[in-house]
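# Analysis of the macromolecular model
Listed below, chain by chain, are the residues.
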Amino acid sequence: VQLQASGGGLVQAGGSLRLSCAASGGTFSTYGMAWFRQAPGKEREFVAGISMKGFATYYSDSVRGRFTISRDNAKNTVYLQMSSLKPEDTAVYYCAGRRGNMVVDSNAYDDWGQGTLVTVSS
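Below, the structure is looked at part by part. (Residues numbered from 1 in each chain as written. Predicted model: local features only at pLDDT ≥ 70, side-chain atom pairs only at ≥ 80, totals over all residues. Heavy atoms only, no water.)

### Notes on unusual backbone geometry
- With a phi close to 55°, Asn76 is a non-glycine residue in the positive phi region.
- Tracing the backbone through its elements, the reader meets Asn76 in the loop between β7 (67–72) and β8 (77–82).
- Of note in the backbone geometry, Ser84 takes a positive phi value of approximately 50° without being a glycine.
- Looking at the secondary structure, you find Ser84 in the loop between β8 and β9 (91–99).
- Ser84 gets classed as partly exposed once you look at its relative accessible area, which sits at 41%. (Helix = DSSP H or I, 4+ residues; strand = E, 2+ residues; numbered from the N terminus. Buried < 20%, exposed > 50% of the residue type's maximum accessible area, 1.4 Å probe, protein only.)

### Some points on the pairing of β8
- Along β8, five of the six residues are buried, which leaves the element largely enclosed by surrounding structure.
- The sheet contact formed by strand β3 (residues 17–24) and β8 spans six bridges and is antiparallel. Along β8, the bridge assignment pairs Ser20 with Tyr79.
- Strand direction decides the pairing type here: β7 and β8, joined by six bridges, are antiparallel. Directly across from Arg71, in β8, lies its bridge partner Val78.
- Hairpin connection from β7 to β8: four residues lie between these consecutive antiparallel strands, with Asn76 at a positive phi of about 55°. (Pairing = 2+ DSSP bridges.)

### Some thoughts on the state of the cysteines
- Here the structure, examined in full by the defined rule, presents one disulfide.
- Across the disulfide from Cys21 sits Cys95; the S-S distance is 2.1 Å. Between Cys21 and Cys95 the sulfur-sulfur dihedral comes to about 60°; the bridge is accordingly right-handed. With a gap of 74 residues between them, Cys21 in strand β3 and Cys95 in strand β9 connect regions that are remote in the sequence. (Disulfide = S-S within 2.5 Å.)

### A few points about the side chain of Arg37
- Among the secondary structure elements, Arg37 is positioned in strand β4 (residues 31–38).
- Arg37 sits in the buried class, given a relative accessible area of 6%.
- Side-chain polar atoms of Arg37 contact the side chain of Glu45, separated by 2.6 Å.
- At 2.9 Å, the side chain of Arg37 and the side chain of Asp89 are in polar contact.
- When residues no more than four places from it in sequence are discounted, the contact partners of Arg37 are Glu43, Arg44, Glu45, Val47, Ser62, Val63, Phe67, Glu88, Asp89, Ala91, Val92 and Tyr93. (Polar contact = N/O pair within 3.5 Å; in protein donor to acceptor, adjacent residues only side chain to side chain. Contact = heavy atoms within 4.5 Å.)

Structure, rendered in structure tokens:
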């Protein structure tokens, strides 16, 4: 599946932003989806994941309670609603998909979006 992420930008600390990831070329409802991020000089890290039908979600400790992942299988789109943003959330955010269940290991994902930059100013 091809993935196209969008919605990044510059936001002040405490603000909100919603990322979108549109999928095409596959049966979206058979893919577990996730968001990862990579800050300058750091490794890519798992942020949030969602099951194929959207019934199960999982978050990293650093974003739990502030970010919400969701999906609309009718629109072939996964979202990441980010609230109470902090400067340490600054990173390039990537959506990723894999056939079957979502997992936290980035190596398990076959399909990646191009990334969208989120910058949180203090």
